2 protein chains.
Amino acid sequence: MSRGRGGPSRGLGGEQVEGRRAVRELLAAGRRPVRDVWLAEGSDPSPILAEVEDLARAARVPLRRVARGRLAAEASSEAPQGVLAHAEPLPEADVDELLRPRPGTAPPFVLALDGVTDPQNLGALVRSAEAAGVTGVLLPRHRAVHVTPTVAKAAAGAVEHVPMAIVAGLPAALAAAGRAGLWVVGLDAGGPTSLFDLTLATEPVVVVLGAEGSGLGRLVRERCDVVARIPSAGRLGSLNVAGAGVLALFEVARHRPAD
Amino acid sequence: MSRGRGGPSRGLGGEQVEGRRAVRELLAAGRRPVRDVWLAEGSDPSPILAEVEDLARAARVPLRRVARGRLAAEASSEAPQGVLAHAEPLPEADVDELLRPRPGTAPPFVLALDGVTDPQNLGALVRSAEAAGVTGVLLPRHRAVHVTPTVAKAAAGAVEHVPMAIVAGLPAALAAAGRAGLWVVGLDAGGPTSLFDLTLATEPVVVVLGAEGSGLGRLVRERCDVVARIPSAGRLGSLNVAGAGVLALFEVARHRPAD
């Protein structure tokens, strides 16, 4: 492992995975080499921990039993649930690949994140993306969180299944998406169109979410074909980016054919 | 304040509020007496902090400037953003009131939570409920999180606006909801009906969400008129309870008339 945990790597990250579901999916997906799995001594038996052990043995991944305090000291998420793993970083997908339609598969359905900095939100968004059938996620290289242990845990294993690409600049990537025939749908509290009034069909689409608080950046907004808002019935009427995101992703998903 | 923070109160809680939006809404809503507002010395000026100061002065709430470390020591949420307040507990709504239609207002639209224990999830759900136009939230008295500072912060002030009631037993409360004419819609990964296939109109409704991981309890499920699932396109296809909840609440909301 040339890149230690917490290092300034600007790749996708993911070298340390914490939590039961996240570690199980790391092993079950088998997309990247796993160096070792740590289990806290004295954990109550559970089907998912047994599954983690079985998967690790089958893949000849070393299992280390460590004291609970040792595991907690190694962990960086809040509640690692008695299990963590070290692995090769998540492979980066190629952005052009993510934007290209492939015969015989569903058209591209991409989630682009404009500077999401909260790890819980990024994790929840990747989990929602996986459930909605997103075919790829675009993350900016800078001013954004990548896959920390907290992100992987909040994503409950979805980071192992959803291809993710890192882009130097999101406006340029959205321009490329437009040229590739994707419909670029931004989401912003001040958007002129209701999300629920969009005429969505089965065209390729990229959903763009802004940073917590500040929303879509100006250059990103200019690359959107439409900017939609979540219609609100409340006095505050604001959602966090993970809540707005899951609504937008499933609004697209329900109009797409099952794969 | 007879009930200190962190005490074993089984009321709604809410006596300590942290974070800029949460404290601003506490003061703006004016639903409950505020004892004091603490501001960290040396915070960068911001419109929302200025608003907090103005609202506190207008309501004659004492403002205390404290060292950042002192505020952090008092805070129990992760990032209090340099501001916290002490207030009377949130008022508990009466469950029968929440279930009763009122002439001239939208029909009851209630969110019932069957043992949500993660404060981030509860906060996000109350925030989503406010945005979706929910008229009341039902929380069980036991085996559930109430309004801790982390909940209030994640709700971004929505706890000040959405009436919340505590019930001794959720199955009995759902039976009462049924007798009051509400349609009881449970959400569960194993539900037989897709959320998006429900025929929703403007009838009074209660949406029931289960605990993280375990889903709806058996007795709660038996009180549901329908149990719906979020249709998934992924391999894992699971959402966290906050994600599933916002989808269900807005699915109801989009079929209701604007108030």
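Residues numbered from 1 in each chain as written. Chains lettered and ligands numbered in written order. Predicted model: local features only at pLDDT ≥ 70, side-chain atom pairs only at ≥ 80, totals over all residues. Heavy atoms only, no water.

Right, let's talk about helix H1 (residues 20-29) of chain B for a bit. Residues and elements named next belong to chain B. Restricting attention to buried positions, one finds in H1 the residues Ala22, Val23, Arg24, Glu25, Leu26 and Leu27. Close packing links the buried residues of H1 with strand E1 (16-18), strand E2 (34-40), helix H2 (47-58), strand E4 (83-87) and helix H6 (149-154). With its phi angle positive at about 60 degrees, glycine 30 sits one or two positions after the end of H1. (Buried < 20%, exposed > 50% of the residue type's maximum accessible area, 1.4 Å probe, protein only. Helix = DSSP H or I, 4+ residues; strand = E, 2+ residues; numbered from the N terminus. Contact = heavy atoms within 4.5 Å.)

All names here are of chain A. Considering all chains together, one arrives at 26 salt bridges over all chains under this definition. Between glutamate 160 and arginine 32 there is a salt bridge, and its shortest N-O distance comes to 2.8 Å. Note that glutamate 160 is positioned in the loop between helix H6 (149-154) and strand E7 (164-167) and arginine 32 in the loop between helix H1 (20-29) and strand E2 (34-40), a separation of 128 residues in sequence. When sorted by exposure, glutamate 160 lands in the same class as arginine 32, which is buried. Residues arginine 65 and glutamate 53 are paired through a salt bridge, measuring 2.9 Å at the closest nitrogen-oxygen approach. (Salt bridge = Lys/Arg side-chain N within 4 Å of Asp/Glu carboxyl O.)

Quick look at the sheet that holds E7(A) now. Residue and element names in this part refer to chain A. Strands sit in the order E7-E6-E5-E10-E8-E11-E9 across an open sheet of 7 strands; the sheet is parallel. A strand with exactly one partner marks an edge of an open sheet, and here the two such strands are E7 and strand E9 (193-194). Here strand E6 (residues 136-140) pairs with E7 via 4 bridges, running parallel. Across the sheet, leucine 138 pairs through a bridge with alanine 165, a residue of E7. Sheet strands in contact with helix H5 (residues 119-132) are strand E5 (109-114), E6, E7 and strand E10 (205-210), and its direction is about 170 degrees off that of E5. (Pairing = 2+ DSSP bridges. Axes fitted to C-alpha atoms, helices over the stretch in contact; angles between N-to-C directions.)

Time to look at the relation of the copies chain A and chain B. You can overlay chain A on chain B at an RMSD of 0.0 Å; the transform is a turn of 180 degrees with a shift of 0.0 Å along its axis. Taken together, these values place the two copies in the relation of a two-fold axis. Comparing interface residues between copies, 100% of those in chain A also lie at the interface in chain B; the contact surface is shared. (Least-squares fit on C-alpha atoms with pLDDT ≥ 70 in both.)

Applying the stated criterion to the full structure yields 2 aromatic pairs over all chains. Here the aromatic rings of Phe196(A) and Phe250(B) are separated by 6.4 Å at their centres, their planes lie at 50 degrees, and the arrangement is tilted. You can see Phe196(A) sitting in the loop between E9 and E10 and its partner Phe250(B) sitting in helix H9 (residues 241-253), one on each of two chains. Look at Phe196(A) and you get buried, because its relative accessible area is 17%. Stacked on the ring of Phe196(B), the Lys or Arg Arg254(A) has its end atom at 4.0 Å from the ring centre. (Phe/Tyr/Trp six-rings, centres within 6.5 Å; stacked < 30°, edge-to-face > 60°. Lys NZ or Arg CZ within 6 Å of the ring centre and 35° of its normal.)

Residues and elements named next belong to chain A. Under the domain assignment used here, chain A contains domain 1 (9-87) and domain 2 (95-255). Look at where the C-alpha atoms of domain 1 and domain 2 centre, and you get two points 29 Å apart. Listed by partner, the interface residues are 21 residues for domain 1 and 20 residues for domain 2. Of the roughly 1700 Å² buried where domain 1 meets domain 2, counting both sides, 52% is carbon and sulfur surface. On the surface where domain 1 and domain 2 come into contact, there are 1 salt bridge. Our count for the contact surface shared by domain 1 and domain 2 stands at 7 residue pairs in polar contact (both at pLDDT 80 or more). Residue assignment for the side of domain 1 that touches domain 2 shows that the elements contributing at least two residues are strand E1 (16-18) and H1. Counting residues per element, the side of domain 1 that touches domain 2 draws most heavily on H1, at 5 residues. When its residues are assigned to classes, the side of domain 1 that touches domain 2 shows 7 nonpolar, 8 polar and 6 charged. (Domains from an automatic or database assignment. Buried area = accessible area lost by both parts, 1.4 Å probe. Polar contact = N/O pair within 3.5 Å; in protein donor to acceptor, adjacent residues only side chain to side chain. Nonpolar A, V, L, I, M, F, W, Y, C, P; charged D, E, K, R; others polar.)

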